[in-house]
Structure formats: C-alpha cells, structure tokens
Amino acid sequence: MKLTYIYHSGYAIEGERCTIVTDYYKDSHDGYVRRSLASFPGKLYVLSSHWHPDHFNKTVLEWKNIRPDTQYIFSEDVFKNRHIPQKEASSLNKGDTWQDENIRIKAFGSTDVGISFLIEAEGKKIFHAGDLNNWHWDEESTPEEVRTAERDFLKEVDDLRKETDRVDLAMFPVDSRLGKNYMRGAEQFVDRIHAGIFAPMHFGERYEEAHAFKPYAEKAGCRFAAWTKTGENLFF
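What counts, and at which threshold
- Residues numbered from 1 in each chain as written.
- Predicted model: local features only at pLDDT ≥ 70, side-chain atom pairs only at ≥ 80, totals over all residues.
- Heavy atoms only, no water.
- Salt bridge = Lys/Arg side-chain N within 4 Å of Asp/Glu carboxyl O.
- Helix = DSSP H or I, 4+ residues; strand = E, 2+ residues; numbered from the N terminus.
- Buried < 20%, exposed > 50% of the residue type's maximum accessible area, 1.4 Å probe, protein only.
- Pairing = 2+ DSSP bridges.
- Axes fitted to C-alpha atoms, helices over the stretch in contact; angles between N-to-C directions.

**Q** Go over the pattern of salt bridges with me, naming the residues and quoting the values.
**A** If charged atoms from side chains of opposite charge come close, those side chains can pair. For the structure shown, the criterion picks out 18 salt bridges. The closest approach of N and O atoms between Asp 159 and Lys 94, which form a salt bridge, is 3.3 Å. In this pair, Asp 159 is assigned in helix H3 (residues 143-163) and Lys 94 in the loop between strand S6 (90-92) and strand S7 (97-99), connecting sequence segments 65 residues apart. A relative accessible area of 18% means that Asp 159 is categorised as buried. Take Lys 94: its relative accessible area is 42%, and that puts it in the partly exposed class. The salt bridge partner of Glu 120 is Arg 104, with a shortest N-O separation of 3.4 Å. Linking Glu 120 in strand S9 (residues 116-121) with Arg 104 in strand S8 (residues 103-108), this pair joins segments that are 16 residues apart in sequence. For Arg 104, a relative accessible area of 27% puts it in the partly exposed group. The network of salt bridges with shared partners includes Lys 94, Lys 155, Glu 156, Asp 159 and Lys 162.

Shown next, in the form of structure tokens:
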C-alpha cells in the first residue's frame, strides 16, 4: 500500500482494491489529490473523524462527480455542524462498525470531538487518531486539568488496545502547540500500541518539530514517516 501525506491530518492510503482518504482539509502543495483523484486505485473511501475545519472540507462531496464510486463515512457530528444531509454519507459514533467487501472500519473515541478510526483493509490494520491525543496543555492548565486530560486519553487508548495492541500504520498527532511536552501523547500511544509505521499529523508543515519524535518512535520499534513536504509518500 502507498501512504501519502496530504496536509495536517489528511492522508491518502492507496491499495489494490481501494483508496482511503482521511480528514481532508486542503490539498498538498503539488495538488496530489486533484491530480490523482480520477486514477486512485479501486473504490474510493473518504473518511472524516469530526467537523473541525482542519479535518473536514465540504469540497470532498464534489469528488463524486469525478468518482461516482466514492463512499463517504463521517463522524456523526459532521452532519450537524457542517450541515451535511444524512443521505450524503454513512455516519459513525464511537463503538460503531462499518464494512463492505473491501474494508472494515470501527470507530473509537476521541479526547476532543468526533471519533478515531481503526481500519482493516487488504490485510493491514490502520489507525487514524483524528483528534485523539493527550491534549494536556500543561504550561497553561492546572495540575488537575493535566491529570484529567491524561486519564481520559489513556482510557481511550486502553479501549483500542482491547481490540488490538498492534497496527501496521498509525497516524497520530505530534503537535508542538502543546508546549514543551507536546510529544507525551504520542509516546504513551506507541508504548501501548505497536505501530509498524508511525506517521505524524496535526503539525501542518512544522517538520522539524514532528521529526523530534523520530528517535522515540524508532526505539519503540516503529518506522517513522519523516515527511519533508506535503505530497510525499512511502510504501508499506
């Protein structure tokens, strides 16, 4: 399969029988999605973990004009907050499962809004965290708020671990806006869930800050996707 970094939390995962685009916000600088949309292999699945503007863009609904085979699968909150008619997509809440002949998607929780996704496709297990992270903001929050954020996050990760303790690919936030301990959530995640490949997200184009997590990820046995530009890809 081929993984392409689109932007922020947006990724494209291309297999033989399907292509999955997650949390599309805007295209890569080289227009990877625009250039590839008509030729993406197999059936096209477009997922959105929640309604935030940096995770969902209504323009994805226009893709069906080019790809009539597009299947939209959105977190339930997208429909209400972005005024999307229910007929346009399938909806998921935490605990729900959606599947067809190509993929199986189970919705797990988030520590913000919406859901995270565990995807099984073409013999691979793939996790997209959405806005699941240890959003501790410990330089601005009280100690109790930090403890609560961590407790809530670890509970969600433990729920995932009950389903599986390893994935072939994990896409997970490494967001330096959190302050000096911004990698804490990612560290706790790879300590509990073995990821064959760890792909950072929610960092935009702050590549140096994202790359700072590489040594920890590799020590945990992960191959780290050290992106240097949007539109870059790797195979797994």
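From this point on, the discussion continues.
**Q** Tell me what's going on with the sheet that holds strand S2 (residues 10-14), and back it up with residues and numbers.
**A** Pairing within the open sheet is mixed, and its seven strands lie in the order S6-S5-S4-S3-S2-S1-S14. Among the strands making up the open sheet, the edge pair consists of S6 and strand S14 (233-235). On average, adjacent strands in this sheet sit at an angle of 20° to one another, irrespective of strand direction. Pairing of strand S1 (residues 2-7) with S2 involves five bridges; the strand directions are antiparallel. The partner of Tyr 7 across the bridge, within S2, is Gly 10.

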